[in-house]
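# Descriptive structure summary
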Amino acid sequence: MTRDLSTDLIHHPYQPPEGFEAPQGPVHKASTILFKNVAAVRSRDWRHKTGYTYGLHGTPTTFTLEERIATLEGGTHCVLVPSGLAAVALVDQALLSQGDEVLIPGNAYGPSIALARNELQRWGIGHRLYDPMDPASLASAITDRTRLVWLEAPGSITMEFPDLPALVAVARARRVVTALDNTWGAGVAFKGFDLGIDIVMQALTKYPSGGGDVLMGSVVTRDVALHEKLKFTHMRLGVGISGNDAELVLRSLSSIALRYAAQDQAGRDLAAWLGTRPEVRKVLHPALPDSPGHAHWRATCTAAAGLFSVMFHEHYTQAQVDAFVDGLKLFRIGYSWAGPLSLAVPYELQTFRSAESLQRAHLEGRLVRFSVGLEGVGDLKADLAQSMAASLA
Ligand SMILES: *Cc1c(COP(=O)(O)O)cnc(C)c1O
């Protein structure tokens, strides 16, 4: 009996020869993963990466990326999720139950705070914001209900660099798990685990991708029990990643140290130059000596991301600062960072920080956050100069 054409196309006898090897590994894609027999189904093990069970739980491509990201962070186990924010959410969901509390730095990535204010709150999980520049503020915020302390270095937008070892010591003394949002450091500027941090997450969307074209997040640990907790929650929530996205990050990951160093150099060059301009009140870049927490940055880091904020003098109107941003030609307007394209975004600090905390941190003025891409630094400088001349005269 002849078989149907569709059957022959699906159950085709051809097998390509073994022995193919290339610098970039294959992209394995699957929802279904085939088992040899029923016994193999019954003895399936998704826990130890000794085999494959279902696309959501891993393929050779996603396992490879997990191992490399664990190496990047200096950890041993990694879970990958579809965005940086999903990585924050996974940590929260794996570690927190009704009645628990999580502590978050007051200058943390905004959506991480919004997640706590809205979703966690609805689930009966409390949160408090602490001042990351004051370890005593963390100490006094910890209660019997505290199960997790978030750390971020530097804080998003205001670029204040905290004393991470001091914050970790406070949490450890109370036996509370610490989790670091390491998107800025990217595993290149410093190693969170060397500071005694328990969980290190990162938006791979930024430096590891480097292209502005992928969303992904990672959660790395050195502790098997903690990893299994994260892995179980990951499996139950179904927040896996695609093989194509994993391939894009694997492709870029090999050049992360070079890109980070180049963007660091360009960022420091531009930040220092902007600091000399009369339009500028202050440049917030942890490698600049008068930036908040500079001494902590110097004690902790060997490099800095190509990211900084500029406070323009208060006598400029918001409309003037907006016109300056609109007038930039090479810097484009957009969120995210660490791609090849330089970006600028104005932020109104008053909308997400209390007036009192801004005053205490000397953060008055109109702020624009810059992400430096890979264009020529001279060209970027000329672009900033022409738009300042046009709008901030
Ligand atoms: C971008 C970013 C995130 C979130 O990453 P997404 O992939 O955009 O969800 C989290 N934390 C920090 C510090 C970030 O900059």
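Here the structure is a predicted model, which is why all the values come from computation and not from measurement.

A few words on helix H14 (residues 377-391). Counted at 1.5 Å a residue, the expected span for H14 with its 15 residues is 21 Å, and the 21 Å between its end C-alpha atoms agrees. All buried positions along H14 are accounted for by Leu380, Asp383, Leu384, Ser387, Met388 and Ser391. All buried residues of H14 fall inside an arc of 125° around its axis, so they share one side. The exposed set on the far side of H14, more than 90 degrees from its buried face, consists of Ala389 and Ala390. Residues of H14 that are buried make contact with helix H10 (256-275), strand E9 (307-312), helix H12 (318-327) and strand E12 (366-371).

Taken together, 7 strands build an open sheet; the order of strands is E1-E7-E6-E5-E4-E2-E3 and the sheet is mixed. This sheet does not close on itself; its edge strands, each paired only once, are strand E1 (77-81) and strand E3 (126-130). Mean inter-strand twist for the sheet, computed between neighbouring axes without regard to direction, equals 20°.

All right, on to the sheet that holds E9 then. Strand order in the open sheet formed by 5 strands is E8-E9-E12-E11-E10, with mixed pairing between adjacent strands. At either margin of the open sheet sits one strand with a lone partner, and together these are strand E8 (280-284) and strand E10 (332-333). Here 4 bridges tie E8 to E9, and the two strands are oriented antiparallel to one another. Across the sheet, residue Lys282 finds its bridge partner in E9, namely Met311. Against the sheet, H10 contacts E8 and E9, and its axis sits at roughly 10° relative to E9.

Let us now look at the domain arrangement of the chain. Partitioning the chain into structural domains gives domain 1 (38-253) and domain 2 (256-391). One C-alpha centre belongs to domain 1, the other to domain 2, and the line joining them spans 27 Å. Listed as interface residues are 32 residues of domain 1 and, on the opposing side, 34 residues of domain 2. With both chains or domains summed, domain 1 and domain 2 bury close to 2700 Å², and 66% of this area falls on carbon and sulfur atoms. Ranking the residues of domain 1 by area buried against domain 2 places Ile157, Trp184 and Tyr207 at the top, with a combined share of 30%. Along the contact surface separating domain 1 from domain 2 lie 0 salt bridges. One can count 8 residue pairs in polar contact (both at pLDDT 80 or more) joining domain 1 with domain 2. In terms of residue class, the side of domain 1 that touches domain 2 is made up of 17 nonpolar, 11 polar and 4 charged.

Rules of the game
Residues numbered from 1 in each chain as written. Predicted model: local features only at pLDDT ≥ 70, side-chain atom pairs only at ≥ 80, totals over all residues. Heavy atoms only, no water. Helix = DSSP H or I, 4+ residues; strand = E, 2+ residues; numbered from the N terminus. Expected span 1.5 Å × (residues − 1). Buried < 20%, exposed > 50% of the residue type's maximum accessible area, 1.4 Å probe, protein only. Arc of directions from axis to C-beta. Contact = heavy atoms within 4.5 Å. Pairing = 2+ DSSP bridges. Axes fitted to C-alpha atoms, helices over the stretch in contact; angles between N-to-C directions. Domains from an automatic or database assignment. Buried area = accessible area lost by both parts, 1.4 Å probe. Salt bridge = Lys/Arg side-chain N within 4 Å of Asp/Glu carboxyl O. Polar contact = N/O pair within 3.5 Å; in protein donor to acceptor, adjacent residues only side chain to side chain. Nonpolar A, V, L, I, M, F, W, Y, C, P; charged D, E, K, R; others polar.

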